[in-house]
Amino acid sequence: MINYKSPFFKAFISTILGSGFSKLILIAVTFYCTHVLSKEYFGAFSFVRNTLNMILCMCVANYINLCTKFTVEAQTQRSSRARLLILYIFSLSICVIVGLGLCLAPSKWLINITGRSDLLFSFRLIGLLLPLFMLQPLNEGILRGLKKFKVIGIVQVSTSILFFLCVAIGIRLNNYIGGIYGILFYYSLYSIITICVVSRYINIYRLIKSHLGEIRSEVSVVNRMILPVFILSFIEAPLNWWAQVIMAKNSGMVAISTMTAILQIRNFVIILPSYYMNTFTSFATSLNAQHNYKVYYDKFGKSIIIFFIGSLLSIVVFQIFSKLILGLYGTEYTEDSFPFFIANLSIPLLLIGNLLKIDLIIHEHQRLMLIASIISSIAFIGCMLLLIHMGIDSVVSYFGGQLAQYIIIYLMFKIQYNKNKHEVYEKI
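Residues numbered from 1 in each chain as written. Predicted model: local features only at pLDDT ≥ 70, side-chain atom pairs only at ≥ 80, totals over all residues. Heavy atoms only, no water.

A. Representation of the side chain of Ser 311 in the model. Note on placement: Ser 311 falls in helix 13 (residues 293-320). Polar side-chain contacts of Ser 311 include one of 2.6 Å to the backbone oxygen of Phe 307. When sequence neighbours within four positions are dropped, the list of residues in contact with Ser 311 reads Ile 347, Pro 348 and Leu 351. (Helix = DSSP H or I, 4+ residues; strand = E, 2+ residues; numbered from the N terminus. Polar contact = N/O pair within 3.5 Å; in protein donor to acceptor, adjacent residues only side chain to side chain. Contact = heavy atoms within 4.5 Å.)

B. Summary view of the packing of helix 3 (residues 64-74) against helix 4 (residues 78-104). The interhelical angle for the contact between helix 3 and helix 4, taken along N-to-C directions, is 155°, at an axis separation of 8 Å. Between helix 3 and helix 4, the interaxial angle falls into the category roughly antiparallel. Here helix 3 and helix 4 pass one another in a crossing that is left-handed. Residues Leu 66, Cys 67, Phe 70, Thr 71, Glu 73 and Ala 74 of helix 3 form the contact with helix 4, whose own contacting residues are Ser 80, Arg 81, Arg 83, Leu 84, Leu 87 and Tyr 88. Looking at the contact of helix 3 with helix 4 residue by residue, the class counts come to seven nonpolar, two polar and three charged. (Axes fitted to C-alpha atoms, helices over the stretch in contact; angles between N-to-C directions. Parallel < 35°, antiparallel > 145°, perpendicular 65-115°, else oblique. Left-handed = near helix turned anticlockwise from the far one by under 90°. Nonpolar A, V, L, I, M, F, W, Y, C, P; charged D, E, K, R; others polar.)

C. Geometry of the pattern of salt bridges. Tallying each qualifying case throughout the model produces three salt bridges. Taking the shortest distance from any N to any O, the salt bridge between Glu 73 and Lys 69 comes out at 2.7 Å. Of this pair, Glu 73 and Lys 69 both sit in helix 3, four residues apart, which is roughly one turn of that helix. Accessibility expressed as a relative area gives 12% for Glu 73, which makes it buried. Its relative accessible area of 4% is what places Lys 69 among the buried residues. A salt bridge links Asp 298 to Lys 294, with the nearest nitrogen and oxygen atoms 3.2 Å apart. Of this pair, Asp 298 and Lys 294 both sit in helix 13, separated by four residues, roughly a single helical turn. Judged by its relative accessible area of 53%, Lys 294 falls in the exposed class. (Salt bridge = Lys/Arg side-chain N within 4 Å of Asp/Glu carboxyl O. Buried < 20%, exposed > 50% of the residue type's maximum accessible area, 1.4 Å probe, protein only.)

D. Layout of the side chain of Ser 377. Topologically, Ser 377 is positioned in helix 17 (residues 366-389). Ser 377 has contacts with Ile 235, Glu 236, Leu 239 and Gln 405, leaving out every residue within four places of it along the chain.

E. View of the packing of aromatic side chains. Taken as a whole, this structure holds 18 aromatic pairs when the rule is applied. Centroid distance Tyr 41 to Tyr 176: 4.6 Å. Interplanar angle 25°. Geometry classified as stacked. Linking Tyr 41 in helix 2 (residues 39-59) with Tyr 176 in helix 8 (residues 149-198), this pair joins segments that are 135 residues apart in sequence. Classification of Tyr 176 as buried rests on a relative accessible area of 4%. With centroids separated by 5.1 Å and ring planes inclined at 80°, the aromatic side chains of Tyr 398 and Phe 399 adopt a geometry described as edge-to-face. Accessibility assignment for this pair places Tyr 398 and Phe 399 in one class, buried. Members of the aromatic cluster, joined through ring pairs, are Phe 133, Phe 163, Tyr 186, Tyr 187 and Tyr 190. (Phe/Tyr/Trp six-rings, centres within 6.5 Å; stacked < 30°, edge-to-face > 60°.)

F. Highlighting the nonpolar core. Grouped together as the largest cluster of nonpolar side chains are 135 residues, with contacts concentrated most on Phe 45, Tyr 63, Ile 226, Tyr 398 and Phe 399. Per-element tally for this core: the top contributor is helix 8, with 19 residues. Apart from residues lying up to four places away in sequence, Phe 399 is in contact with Met 259, Ile 262, Leu 263, Arg 266, Pro 339, Ile 342 and Ala 343. (Core = buried A, V, L, I, M, F, W, Y, C linked by side-chain atoms within 4.5 Å.)

G. Summary view of a nonpolar patch on the surface. A cluster of nonpolar side chains, namely Ile 89, Ile 195, Ile 204, Ile 208 and Leu 212, defines an oily patch on the protein surface of about 370 Å² accessible area. Take Ile 204: it is sitting in helix 9 (residues 204-211). (Patch = residues over 30% accessible without salt bridge, like charges linked within 9 Å, V, L, I, M, F, W, Y side chains within 5 Å. Areas by Shrake-Rupley, 256 points an atom, 1.4 Å probe, with all protein chains shown as cover.)

H. Representation of the confidence of the model for the chain within the structure. Residues at a pLDDT of 70 or more form 91% of the chain, whose mean pLDDT is 82. Looking across the chain, the model is least confident in helix 1 (residues 7-36), with a mean pLDDT of 68, and most confident in helix 15 (residues 337-344), with 91. (pLDDT = per-residue confidence, 0-100.)

I. Main features of the environment of Arg 224. Note on placement: Arg 224 falls in helix 10 (residues 220-251). For Arg 224, a relative accessible area of 31% gives the class partly exposed. Along the primary structure Arg 224 and Ile 270 are separated by 46 residues, whereas in three dimensions their C-alpha atoms are 30 Å apart. When neighbours within four sequence positions are excluded, Arg 224 is seen to be in contact with Arg 83, Glu 364, Gln 366 and Arg 367.

J. Structural view of the packing of helix 6 (residues 120-133) against helix 8. Remark: helix 6 packs on helix 8, axes separated minimally by 10 Å, with the N-to-C direction vectors making an angle of 10°. Relative to helix 8, the element helix 6 lies roughly parallel. On the side of helix 6, the interface is formed by Phe 121, Ser 122, Leu 125, Ile 126, Leu 129, Leu 132 and Phe 133, while helix 8 contributes Ile 180, Tyr 181, Leu 184, Tyr 187, Ser 188, Ser 191 and Ile 192. Counted by class, the contact of helix 6 with helix 8 contains eleven nonpolar, three polar and no charged residues.

K. Helix 8, seen in detail. Look at helix 8: only 12 Å from first C-alpha to last across 50 residues, short of the 74 Å you get at 1.5 Å a residue. Residue Asn 174 marks the point of greatest curvature in helix 8, where the axis turns by about 145°. (Expected span 1.5 Å × (residues − 1). Bend = angle between axes of the 7 residues up to and from the residue.)

L. How the structure looks around the environment of Pro 131. Structurally, the position occupied by Pro 131 is in helix 6. You can call Pro 131 partly exposed: its relative accessible area is 22%. Taking the C-alpha atoms as reference points, Pro 131 and Asn 267, separated by 136 residues in sequence, lie 27 Å from one another. Residue contacts for Pro 131: discarding those within four places in its chain leaves Leu 92, Cys 95 and Val 96.

See the structure below:
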């Protein structure tokens, strides 16, 4: 029976109404781009956007759940406030290093990777602005930890409208290059907005001043939790980006267009579960801190069943209406039904694997996550290259490699989840 008055349910609904609407606007932006840009130009536009997402994922995005965990714990544990500062300092340092690398990288090297000289300035600009971009994901992690889900929704909806305007105006002014500049302007403004929002609930200056001296006593958190997540991101994100480079070299930017469209459709079906998990992380961390393990694992168990059933239904519906759905991006995309099917097979593994990941983060199994990342990433790129060598379409090969990757991640996470559950129940 659903308790409609529970804080968790209210937070979940706030997340759906806010973040869900914002994601629909972002999807509408893609529809707009695929209709006003050629498949080749949309591929180049998507490649730059995917590269930026890869860099953010590598430097900071995977720290959102960790940031939420520290924020929740900081309300009762002073040490977690210092850990939160360490997380920000670490992320900023990495972003500065990567940003300098992009700014100073030889032009020939960048052109060799992208295959296009007209994208050079875009990558230099990303490097320059990267330290600013990193603030947005971490600030959102803090707001989740404070359970300000309604505020997050309002910010996401308003900024997604801004995203549409930035991209549309940019494309109108200077085709796909203008659209890229529009994205970078949007990310910059989004980060500034989140700083202003977080400062309403936390005195940032006082936090830094009060706990900066405690950083040395908590620096061990870097080796135990932060560094493993970074190495994990440093493996997964660049390999996924390299896979896109392989696709572009084998089939051109058209393959990137197809892959981006299919990924966005698949991501659409995981929007609702992802919002659930964003909300769930805060409440699960609280339950674990309160040692309320029975409720904690009951919620995990029910969530796994719901995700599995919903995933199977999604695969069936998407496949029945595949041509209709792909046709929304343009008639050129209706021929991509088979890679669409291969991509959708990963949905149950992707969803349940990410849910189990929350349990691993809460119980501080970051090193296991790192091992799973290394093994599964090798399987991903190895499977993809093997399939391409066999003459299979590069987009199909990409999603086939992903399927192998998610199978390995699910199995390793499920084994550890069962161990955690067994150990906890022995204590009860």
